[in-house]
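# Examining the three-dimensional arrangement
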Amino acid sequence: MANKKITVKHYLNKRAKPKLLLRERFYPLYIQIIVNGKKAQIKSRINEHLKIFRSDVERITRNDETMHSFLMEGYVSDRFFDSVKNAKLFPLFQLLMDEVAVITRIIERLHPFTDKDFTLLNFSEEYSKYTEEITDKLDSKIKENYLAELKAIFLKTIDQEENRDTFKIVNFLINHINWRNTFINFYESTAEIIPNELKTIELLLSNELVTQIKAFRAYRSKVNLLKRFFEKREQGKISTLSYLDWQTDIRDFVFVEFEKLFGEQKALQYVVCLESILTADLKSEHQ
């Protein structure tokens, strides 16, 4: 019978080419995962979450620019790695522990001991999907949907004289807006500058997209409250509001906040809408 245990631990990948500093070798920080006899090795991502701890990192590296650069790239030495663990250096030790906890939670939600199709192949991608910032993901997906519908309206009205004004608005939005910016930045700025034109286009959008926009704007109004509520930075944890957090805490929190504003039916509609966007590119939905 297989041992129903999930093992997640950090190690230095000494098969990789090291970086050198004062004759000391620095290697990329990796994670070994063992579940039901299945194994995987993936690169740690705690370095991606160190930017908000800049002053702490500078203190730990004693303002050594090279060492700081190595750490931000995810490279550490044996001596440094041991000191982080032994002295429980904030925030590195806390990030290591949180990364182990996060990966364990993800694996548990994939039902490794009951799903015969469970695999650790491509787990790095799964890890990325579960831990990316959901605010960015929602914004990116809605922007993609919005542009797709704009282009459809553009093609439909390009030769319609009776819809010439609509065509001009859509043409402007497609070709003269810097779409490298966030959708929410575009939408709220445009709503102030040309509200009537934006409303004209919104009447032509699908009900699904209009609901996505309204749900996302409602969610965005609660982002700062969410971050204060979870206080991840103060605890030295991975600070993103992730899909994993959405499943375990944020979904219920947001529903309660939405219910106060819109009532139960609309709150449920908005939460289900956001959920459908977040789960679209996952292998399966885990409730």
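Residues numbered from 1 in each chain as written. Predicted model: local features only at pLDDT ≥ 70, side-chain atom pairs only at ≥ 80, totals over all residues. Heavy atoms only, no water.

A few words on the overall build of the protein chain. Within the protein chain, the secondary structure is distributed over 13 helices and 5 strands. Principal-axis analysis of the C-alpha atoms gives the protein chain an extent of 75 × 50 × 35 Å. Burial status across the protein chain gives 46% buried among its 287 residues. A sequence separation of at least 24 residues applies to 68% of the contacts in the protein chain between residues at least 6 apart. Accessible area of the protein chain: about 16300 Å², with a carbon and sulfur share of 48%. (Helix = DSSP H or I, 4+ residues; strand = E, 2+ residues; numbered from the N terminus. Buried < 20%, exposed > 50% of the residue type's maximum accessible area, 1.4 Å probe, protein only. Contact = heavy atoms within 4.5 Å. Areas by Shrake-Rupley, 256 points an atom, 1.4 Å probe, with all protein chains shown as cover.)

Here the focus is the pairing of strand β3 (residues 24-35). Where burial is concerned, most of β3 is hidden: 9 out of the 12 residues are buried. Where strand β1 (residues 6-12) and β3 come together, 7 bridges link them in antiparallel fashion. Each residue of the ladder has a partner; that of Ile6, found in β3, is Val35. Note: strand β2 (residues 19-21) against β3, 3 bridges, orientation antiparallel. Counterpart to Leu20 in the pairing with β3 is Arg25. In textbook terms, the turn of a hairpin is the stretch between consecutive antiparallel strands, and for β2 and β3 this stretch comprises 2 residues, one of which, Leu22, has a positive phi near 50 degrees. The pairing of β3 with strand β5 (residues 75-77) spans 3 bridges and is classified as antiparallel. Each residue of the ladder has a partner; that of Pro28, found in β5, is Tyr75. Relative to strand β4 (residues 38-43), β3 is paired through 6 bridges, and the arrangement is antiparallel. Paired with Ile33 across the bridge in β4 is Ala40. Between the antiparallel neighbours β3 and β4 lie 2 residues, among them Asn36 with a positive phi of about 55 degrees. (Pairing = 2+ DSSP bridges.)

Moving on to the environment of Lys39. Counting through the fold element by element, Lys39 comes out in strand β4. Between the C-alpha atoms of Lys39 and Ser124, which are 85 residues apart in sequence, the distance is 12 Å. The contact partners of Lys39, leaving out residues within four places of it in the chain, are Ile33, Ile34 and Leu120.

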